[in-house]
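Chain by chain, the residues:
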Amino acid sequence: MSGFVYGARLQGSGLPLNQAVEAAAAGYGVSGNARMQANYPYLVNASAMMGGVNGARSPAYVPGAASGTTTPLMNGYGMQTPLGMGAAGGYTNGIGPQSAQSSVPQTPYPHHQMASHIHLHPQQQQQQQQAPPPPHSQDRQPGQHHQSAQSQQHHAPHHSQKHMHGKQHRKPESEVNRFANTTLEELKDNIFTVCKDQHGCRFLQKKLEDGQESHVRMIFEEVSPHFSGLMTDPFGNYLCQKLLEHCTEPQRTQIVTSVAQELVNISLNMHGTRAVQKMIEYLSNQEQIDAIIQALRNSVVLLIRDLNGNHVIQKCLNRLSKKDNQFIYDSVAANCNEVATHRHGCCVFQRCIDYASPTQKAQLVKEVIANALTLVQDPFGNYVVQYVLDLNNTDFSEPLIKKFIGHICGLSVQKFSSNVMEKCIRLASTSTRRALVAPILQRDKLDTLMRDSYGNY
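**Student:** Can you explain helix H15 (residues 272–281)? Please cite residues and give values.
**Tutor:** In terms of burial, H15 is largely enclosed, as nine of its 10 residues are buried. Here H15 has its buried residues at Gly272, Thr273, Arg274, Ala275, Val276, Gln277, Lys278, Met279 and Ile280. Buried residues in H15 make contact with helix H11 (227–230), helix H12 (236–246), helix H13 (249–259), helix H14 (263–267), helix H16 (286–296) and helix H18 (309–319).

Okay, here's the thing in structure tokens:
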């Protein structure tokens, strides 16, 4: 019995269409291609159970991409797929304490779609149209029966008790409003303790927003000796951010200087990374900038490869001048493979190219060309190679493509490099293309590639 016929029988038995098709795919071996091409988003899970798309490349995807950007990804057909990155502080997209990691719907492109419906027997179609959907059908699992009305009534008290239980754990109104009638002067000598409390921190932030100079000075004097510790505190880091925003320039310089030695460790912390990014955003003189550069100079690669720290480097790229950012380009160029083959590093590498001066861009591209054969076969490094090709600069693309001459047959049968080979053939000049594809034209090589799951593309 075929998977689709079995799916139809399941559908006739009252199962929702998505569950019927998914059960048929998982149990009766509908091919991965058929399920993907049917354009049912919920069949992606069934395809994963069957080991991926049979005979085709799964859409390539880079988790944890860079801040406020879209990384061009290549699907199995050599087309770019935009991947919106999550918002993680300065990294406004990506993975991190400030990020909302997004998922990418894996639906096929229109010109690769096949029939997006399943033929059912007319009698089954009629049953489907007439039968009302069962209550809460979206929550039911295959094989799970719905509760009767009596059963639902039996469980109703349990839910009521659960909600009442939640209310009992709410904080008393007096605790929430205990700072309502408090003046800042009453908290003198206790501000450091108060700022680590959720409601106390909000109270102090409001005082800073009011802009009264005496209040800002009082909070600064009591907080500044403990600033590095507060930057990693779940609540204190918010007060640090607000203080950096409203303090005077001399006060900000004093803060930057005092935390410089701990800046790398703070940047690696899920709360501290936010405060450091805010600090970089509000740098107001060269003395402050130089202190930040000196603190981060020897830890650029460490920060780039870290879930939280990479946002700090990206904030530097975004806010500092190209001249001040040279320390980042020197570190990335000297550690090209280590950065470009990392899940976060490959995205930061692309942002470095975006913010680079012509000289800095040439500095990075030179290293990509030198390491092209390694990068093109890497799950993350291949995106850096493609990014350089997409710059549409023949001074970069031609020497890069020539690095693959004589290697195209081996690279065409690998999942990641095969995408890059397609792009190289499209972008190469006539003479370079002729030299690049020459090995493929040999009969034995051509026959092998035509039969290969990646090479056939």
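Past the structure itself, the notes keep going.
**Student:** Outline the environment of Gln254, supporting the account with residue identities and numerical values.
**Tutor:** With respect to the helices, strands and loops of the structure, Gln254 is situated in helix H13. Residues Gln254 and Ser224, spaced 30 residues apart in sequence, show a C-alpha to C-alpha distance of 8.4 Å. Sequence-distant contacts of Gln254, that is, excluding residues within four places in its chain, are made with Phe220 and Ser224.

**Student:** Now, about the packing of helix H21 (residues 345–355) against helix H22 (residues 358–370): what can you tell me, with residues and values included?
**Tutor:** Between H21 and H22, the shortest axis-to-axis distance is 8 Å and the interhelical angle comes to 145°. Considering how the two elements wind past one another, H21 and H22 form a crossing that is left-handed. Every residue of H22 that contacts H21 at Phe349, Cys352, Ile353 and Tyr355 is listed here: Gln360, Lys361, Leu364 and Val368. Looking at side-chain class alone, the contact of H21 with H22 contains six nonpolar, one polar and one charged residues.

**Student:** Now, about the nonpolar core: what can you tell me, with residues and values included?
**Tutor:** Counting 91 residues, the largest nonpolar core has Phe227, Met279, Phe349 and Phe404 as its most contacted members. Here this core gets six residues from one element, more than from any other, and that element is H21. Each residue touching Met279, except ones within four places of it in the same chain, is listed here: Phe227, Met231, Leu244, Ile255, Val256, Val259, Leu263 and Ile292.

**Student:** Which residues make up the packing of aromatic side chains, and what are the values?
**Tutor:** Tallied over the entire structure, the rule returns one aromatic pair. Where Phe179 meets Phe203, the ring centres are 5.6 Å apart and the plane angle is 25°; that geometry is what we call stacked. Of this pair, Phe179 sits in the loop between helix H7 (173–176) and helix H8 (191–194) while Phe203 sits in helix H9 (residues 198–210); the two residues are 24 residues apart in sequence, bridging distant segments of the chain. Phe179 gets classed as buried once you look at its relative accessible area, which sits at 12%. Of the residues examined, Phe203 reaches a relative accessible area of 10% and is grouped as buried.

**Student:** Please provide a residue-by-residue account of the side chain of Thr182, values included.
**Tutor:** For Thr182, the position within the fold is in the loop between H7 and H8. The class of Thr182 is buried, set by a relative accessible area of 15%. Here Thr182 is in contact with Leu187 and Phe203, once residues within four sequence places are set aside.

**Student:** Would you mind going over the pattern of salt bridges in detail, with residue names and values included?
**Tutor:** Here the structure, examined in full by the defined rule, presents five salt bridges. A salt bridge links Lys242 to Glu209; the shortest N-O distance between them is 3.0 Å. Here Lys242 is found in helix H12, whereas its partner Glu209 is found in helix H9, with 33 residues between them in sequence. Accessibility expressed as a relative area gives 16% for Lys242, which makes it buried. With a shortest N-O distance of 2.8 Å, Arg351 and Asp354 are connected by a salt bridge.

**Student:** An account of the confidence of the model for the protein is needed here, citing residue identities and associated values.
**Tutor:** Averaged over the protein, the pLDDT score is 74; the fraction of residues at 70 or greater is 61%. Scored below 50 in pLDDT, residues 1–13 shows 27 contacts in the model against residues more than four places distant or in partner chains. In this model, residues 125–168 is a region of pLDDT below 50 whose contacts with residues beyond four sequence positions or in other chains number 18 contacts.

**Student:** Break down helix H28 (residues 430–437) for me, citing the residues and quoting the values.
**Tutor:** All of the buried residues in H28 are Thr432, Leu436 and Val437. The buried residues of H28 all sit within an arc of 115° when viewed along its axis, so they share a single face. The exposed set on the far side of H28, more than 90 degrees from its buried face, consists of Thr430, Ser431 and Arg434. Looking at the buried side of H28, the elements it contacts are helix H25 (394–402), helix H26 (408–412) and helix H27 (415–427).

**Student:** Describe the environment of Ala428, and please don't skip the residues or the numbers.
**Tutor:** Structurally, Ala428 can be placed in the loop between H27 and H28. Overall, the relative accessible area of 5% leaves Ala428 in the buried class. Sequence separation between Ala428 and Thr394 is 34 residues; the distance between their C-alpha atoms is 8.6 Å. Once residues within four sequence positions are removed from consideration, Ala428 is found in contact with Glu398, Ile401 and Arg433.

**Student:** Requested: an account of the environment of Asp324, with residues and values cited.
**Tutor:** Turning to its location among the elements, Asp324 is positioned in the loop between H18 and helix H19 (326–334). We classify Asp324 as buried; its relative accessible area is 14%. Setting aside residues up to four positions removed in sequence, Asp324 forms contacts with Gln286, Ile289 and Ile293. Of the polar contacts made by the side chain of Asp324, one reaches the side chain of Gln286; its length is 3.5 Å.

About the thresholds
Residues numbered from 1 in each chain as written. Predicted model: local features only at pLDDT ≥ 70, side-chain atom pairs only at ≥ 80, totals over all residues. Heavy atoms only, no water. Buried < 20%, exposed > 50% of the residue type's maximum accessible area, 1.4 Å probe, protein only. Helix = DSSP H or I, 4+ residues; strand = E, 2+ residues; numbered from the N terminus. Contact = heavy atoms within 4.5 Å. Axes fitted to C-alpha atoms, helices over the stretch in contact; angles between N-to-C directions. Left-handed = near helix turned anticlockwise from the far one by under 90°. Nonpolar A, V, L, I, M, F, W, Y, C, P; charged D, E, K, R; others polar. Core = buried A, V, L, I, M, F, W, Y, C linked by side-chain atoms within 4.5 Å. Phe/Tyr/Trp six-rings, centres within 6.5 Å; stacked < 30°, edge-to-face > 60°. Salt bridge = Lys/Arg side-chain N within 4 Å of Asp/Glu carboxyl O. pLDDT = per-residue confidence, 0-100. Arc of directions from axis to C-beta. Polar contact = N/O pair within 3.5 Å; in protein donor to acceptor, adjacent residues only side chain to side chain.

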